[in-house]
Amino acid sequence: MKKLLIGLTALALSDQAFAADKMEYCQRLSFVAEQIMDVRQMGVPIETVQMIKTDLQEFNITVEYAYELPVVEGESEKLLSTIKFKRSVYNICMNSKKI
């Protein structure tokens, strides 16, 4: 189920679903980041997430970034951590000159 969830969200960044503009693309990336951090906070190993094969460098970087951060205790702390991560990825994306 968890792998399916991440796999489906990764499709949000696939070539077929590529956004028409930067803001839409960054919104999609932040949605995927939220899902990645959610499974990170559930204790899913990074190897499980890395099993999703994609050529999108942003996906792989986001996974690595999420797993550099700690798993926190408590449901409200996990939710806050996930929201902060999502916003951080969105802001990084919007400020990136590469996208």
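Scroll up for the structure.
Just so you know, these numbers come straight off a predicted model, no measurement behind them.

Participant: Looking at this model, I keep getting lost on the overall build of the protein. Mind explaining?
Facilitator: For the protein, the count of helices and strands is five helices and zero strands. Beginning at the N terminus, the succession of helices and strands in the protein can be written as α-α-α-α-α. In the protein, once contacts between residues fewer than 6 apart in sequence are set aside, the share between residues at least 24 apart is 66%. Surface accessibility of the protein: about 6300 Å² in total, with carbon and sulfur atoms responsible for 57%.

Participant: What is the right way to look at the state of the cysteines in this model?
Facilitator: Note on terminology: disulfide describes a covalent bond linking the sulfur atoms of two cysteines. Under the counting rule described, the total for this entry stands at one disulfide. Paired through a disulfide, Cys26 and Cys93 show a sulfur-sulfur distance of 2.0 Å. The chirality of the disulfide connecting Cys26 with Cys93 is left-handed, given an S-S dihedral of about -75°. Separated by 67 residues along the polypeptide, Cys26 in helix α2 (residues 22-41) and Cys93 in helix α5 (residues 75-95) bring together distant segments of the chain. Each of the two residues, Cys26 as well as Cys93, counts as buried.

Participant: Just checking my understanding: could you explain the side chain of Thr62 for this structure?
Facilitator: By the element assignment, Thr62 lies in helix α4 (residues 57-68). Those residues within four positions of Thr62 in sequence are excluded, and the remaining contacts are Leu29, Ala33, Ile36, Phe85 and Val89.

Participant: Looking at this structure, how should I read the nonpolar core?
Facilitator: What tends to happen in soluble globular proteins is that the nonpolar side chains get buried as a cluster. Grouped together as the largest cluster of nonpolar side chains are 19 residues, with contacts concentrated most on Ile36, Val49, Phe59, Val63, Ala66, Tyr67 and Phe85. For this core, the secondary-structure elements that each account for two or more residues are α2, α4 and α5. Considering every element that reaches this core, the biggest residue donor is α2, with eight residues. Every residue in contact with Phe85, bar those within four places of it in the chain, is listed here: Ala33, Met37, Thr62, Tyr65, Ala66 and Leu69.

Analysis parameters
- Residues numbered from 1 in each chain as written.
- Predicted model: local features only at pLDDT ≥ 70, side-chain atom pairs only at ≥ 80, totals over all residues.
- Heavy atoms only, no water.
- Helix = DSSP H or I, 4+ residues; strand = E, 2+ residues; numbered from the N terminus.
- Contact = heavy atoms within 4.5 Å.
- Areas by Shrake-Rupley, 256 points an atom, 1.4 Å probe, with all protein chains shown as cover.
- Disulfide = S-S within 2.5 Å.
- Buried < 20%, exposed > 50% of the residue type's maximum accessible area, 1.4 Å probe, protein only.
- Core = buried A, V, L, I, M, F, W, Y, C linked by side-chain atoms within 4.5 Å.

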